[in-house]
Amino acid sequence: MYDQGVASQGYFGPTVVAKKLVSELLSASSEGTPIFVDINMKNVDIIKDIEVLDAGCGTGLVGQELAKLYGQDSLPLTLHGCDISEDMMMLASNRGYSDLKWCDLTKPLDMYAHVRGTYDAVTIAGTFTDGHVGPSPAIEELLALLKPGGLLLATVRQSFFEEMGFGKVLEEVTSEGECSIVEMSEFQYLAGVVAKLMVIRKDVGA
Ligand SMILES: C[S@@+](CC[C@H](N)C(=O)[O-])C[C@H]1O[C@@H](n2cnc3c(N)ncnc32)[C@H](O)[C@@H]1O
């Protein structure tokens, strides 16, 4: 139902996030730092030992888009998912996720305390939105899960970005010198709706 609904509205969030993730991810890692280079599917085998969390994964459309990009159901990276809705996650279970956990992104992610600093990337598509999740504490909590050099890739509707003060929260996290904005672009998110794609890197040494 959700999948058909968003498909009929021309929803591009998961496609854009998955493409960006893959285009950033493709090279060997050195000393624990993920290396990010251009997409080249011939190199797919070198994407291993990569841990990705898809936060607010819903029915797993990011996993589905990654599988399309790799042309295989079994992803060469380890994709974890979390969401507040067990029902949505049930649909994600056959979309490449190694595990799916309940979470509430409006609160501190204490359940992930033991895996802070271990993810190469965190994706969050379509979940920073009205009635769901705002920028705080989620941005800081998700950044805390990243390894140094890891990436947070997020979509936020333009109107929600402004209304909820995402700019201020980003200023705060970047001014602490722990992360940098790699990309802040706009794309057509749904028919007639523009969103930002934010890519934030946790600085090496943070
Ligand atoms: C628009 S859907 C996006 C789902 C998926 N990422 C996609 O792009 O299709 C928003 C998702 O956010 C989840 N969500 C809403 N509030 C949440 C919260 N407080 N914590 C975690 N997930 C939440 C919903 O259950 C839903 O799966």
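In the block above lies the structure referred to throughout.
Observations regarding the pairing of strand 5 (residues 146–157)
- In terms of residue burial, strand 5 counts as a mostly covered element, since eleven of its twelve residues are buried.
- Bridge analysis of strand 4 (residues 119–128) against strand 5 gives six bridges, and the strand direction is parallel. Pairing of T123 across the sheet is with L153, part of strand 5.
- Alignment of strand 5 against strand 7 (residues 193–202), held across seven bridges, turns out to be antiparallel. Its bridge partner lying in strand 7, L152 is registered against I200.

Structural notes on the nonpolar core
- Ranked by internal contacts, the top residues of the largest apolar core, which has 57 residues, are V122, L142, L143 and L152.
- Non-local contacts of L152, meaning those with residues more than four positions away in its chain, are made with V122, L142, L143, L146 and I200.

Overview of the packing of helix 2 (residues 13–25) against helix 3 (residues 61–70)
- Between helix 2 and helix 3, the shortest axis-to-axis distance is 8 Å and the interhelical angle comes to 50°. Compared by their axis directions, helix 2 and helix 3 come out oblique. The way helix 2 lies across helix 3 gives a crossing that is right-handed. Taken together, the residues of helix 3 that come into contact with helix 2 (itself represented by P14, T15, V17, A18, K19 and V22) are L61, V62, E65, L66 and L69.
- Looking at the contact of helix 2 with helix 3, its residues break down into eight nonpolar, one polar and two charged.

What about the site of the ligand?
- Contacts to the ligand come from 20 residues, most closely from G58, S85, L105, G126 and H132.
- Of all elements in the fold, only helix 2, helix 3 and strand 4 reach the threshold of two or more residues within the shell around the ligand.
- For the shell around the ligand, the element with the highest residue contribution is strand 4, accounting for three residues.
- The residue makeup of the shell around the ligand, split by class, is ten nonpolar, eight polar and two charged.

Parameters and conventions
Residues numbered from 1 in each chain as written. Predicted model: local features only at pLDDT ≥ 70, side-chain atom pairs only at ≥ 80, totals over all residues. Buried ≥ 20, exposed ≤ 12 C-beta atoms within 10 Å, placed from the backbone. Helix = DSSP H or I, 4+ residues; strand = E, 2+ residues; numbered from the N terminus. Pairing = 2+ DSSP bridges. Core = buried A, V, L, I, M, F, W, Y, C linked by C-beta atoms within 7 Å. Contact = placed C-beta atoms within 7 Å. Axes fitted to C-alpha atoms, helices over the stretch in contact; angles between N-to-C directions. Parallel < 35°, antiparallel > 145°, perpendicular 65-115°, else oblique. Left-handed = near helix turned anticlockwise from the far one by under 90°. Nonpolar A, V, L, I, M, F, W, Y, C, P; charged D, E, K, R; others polar. Near = placed C-beta within 6 Å.

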